[in-house]
Amino acid sequence: MKLRLITAATAMTMLLAASSCEPAANVASRNLSTAADNFEVPRRITFYNGITDQVVLVTEGFCSLGNNDTDRRMSVTCKTGKNTYLKNFLGLSDNVFFVSEQLEDVTASEFHYRLVFRPQAMISDIDFQGSAEELTSNKNSDG
């Protein structure tokens with residue numbers, strides 16, 4: 001019993017020691033990214049053509065940069081109202097690049113990681129597409 005208690009205490013101490021080694025800037029940066037992905041950070045995202053020096057697109061607002069995008073495609077999702085959003089897709093190439101600017105200061109902890117839990121996301125909205133007639137009629141020739 002004592003051995004289990006000592007082992008558990010040692011494991012907890014090692015876990016705490018390992019988690020406290022993260023530099024403060026990394027924790028604050030991760031928390032800022034979490035805030036931006038929750039549409040809490042105003043940004044200006046500007047896409048440039050590096051050959052022509054032309055601005056291709058400017059998006060400004062409470063925007064989240066693409067999640068799970070490919071090397072050649074990027075999405076920008078912006079919150080435009082209480083429950084309204086706008087999503088743009090941009091093709092990236094060798095000569096097109098972007099700059100994302102944070103437009104205002106945002107409070108972020110450098111000591112504690114921010115965890116966002118959304119229980120509503122566990123239950124999906126289900127859209128039914130079909131005909132109730134197909135569900136109630138028997139198309140089987142055996143009767």
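Residues numbered from 1 in each chain as written. Predicted model: local features only at pLDDT ≥ 70, side-chain atom pairs only at ≥ 80, totals over all residues. Heavy atoms only, no water.

**Q** Any chance you could explain the overall build of the protein chain here in plain terms?
**A** In terms of regular secondary structure, the protein chain is built from three helices and five strands. In the protein chain, the succession of helices and strands from N to C terminus is α-α-β-β-β-β-β-α. Here the protein chain, with 143 residues, has 19% of them falling under the buried criterion. Of the contacts made within the protein chain by residues no fewer than 6 positions apart, 49% connect residues no fewer than 24 positions apart. Total accessible area computed for the protein chain in this model is approximately 11,600 Å², and 54% of it derives from carbon and sulfur atoms. (Helix = DSSP H or I, 4+ residues; strand = E, 2+ residues; numbered from the N terminus. Buried < 20%, exposed > 50% of the residue type's maximum accessible area, 1.4 Å probe, protein only. Contact = heavy atoms within 4.5 Å. Areas by Shrake-Rupley, 256 points an atom, 1.4 Å probe, with all protein chains shown as cover.)

**Q** Looking at this structure, I do not really get unusual backbone geometry. What am I missing?
**A** Most peptide bonds adopt trans geometry, and most residues besides glycine take a negative phi value. In this structure, Phe-39 takes a positive phi of about 60° despite not being glycine. Secondary-structure assignment places Phe-39 in the loop between α2 (24-37) and β1 (42-49). Not every positive phi belongs to a glycine, and Asp-53 is a case in point at roughly 60°. Mapped onto the fold, Asp-53 is located in the loop between β1 and β2 (54-65). On the accessibility criterion, Asp-53 (64% relative accessible area) is exposed.

**Q** Can you help me understand the nonpolar core in this one?
**A** One broad trend across soluble globular proteins is that nonpolar side chains are buried collectively. With nine residues, the main nonpolar core is built from Ile-45, Phe-47, Cys-63, Met-74, Val-76, Cys-78, Leu-90, Leu-92 and Val-96. Of all the elements in the fold, those that place two or more residues in this core are β1 and β3 (73-79). The greatest single-element share of this core, amounting to three residues, is contributed by β3. Apart from residues no more than four positions distant in its own chain, Cys-78 is found in contact with Phe-39, Thr-59, Phe-62, Cys-63, Thr-84, Tyr-85 and Leu-86. (Core = buried A, V, L, I, M, F, W, Y, C linked by side-chain atoms within 4.5 Å.)

**Q** Please clarify how the sheet that holds strand β5 (residues 96-102) should be interpreted in this entry.
**A** The strands that make up a sheet pair up through hydrogen bonds in the backbone, lying either parallel or antiparallel. With antiparallel pairing, five strands are arranged side by side in an open sheet as β4-β3-β2-β1-β5. Edge strands, defined here as strands with exactly one partner in the open sheet, are β4 (85-91) and β5. Neighbour-to-neighbour, the strand axes of the sheet open up by a mean angle of 30°, direction not taken into account. Across seven bridges, the pairing between β3 and β4 is antiparallel. When the sheet's bridge partners are listed, Val-76 is paired in β4 with Asn-88. Across the sheet, α2 lies against β1, β2 and β5, angled at about 95° from β2, the strand it touches most. (Pairing = 2+ DSSP bridges. Axes fitted to C-alpha atoms, helices over the stretch in contact; angles between N-to-C directions.)

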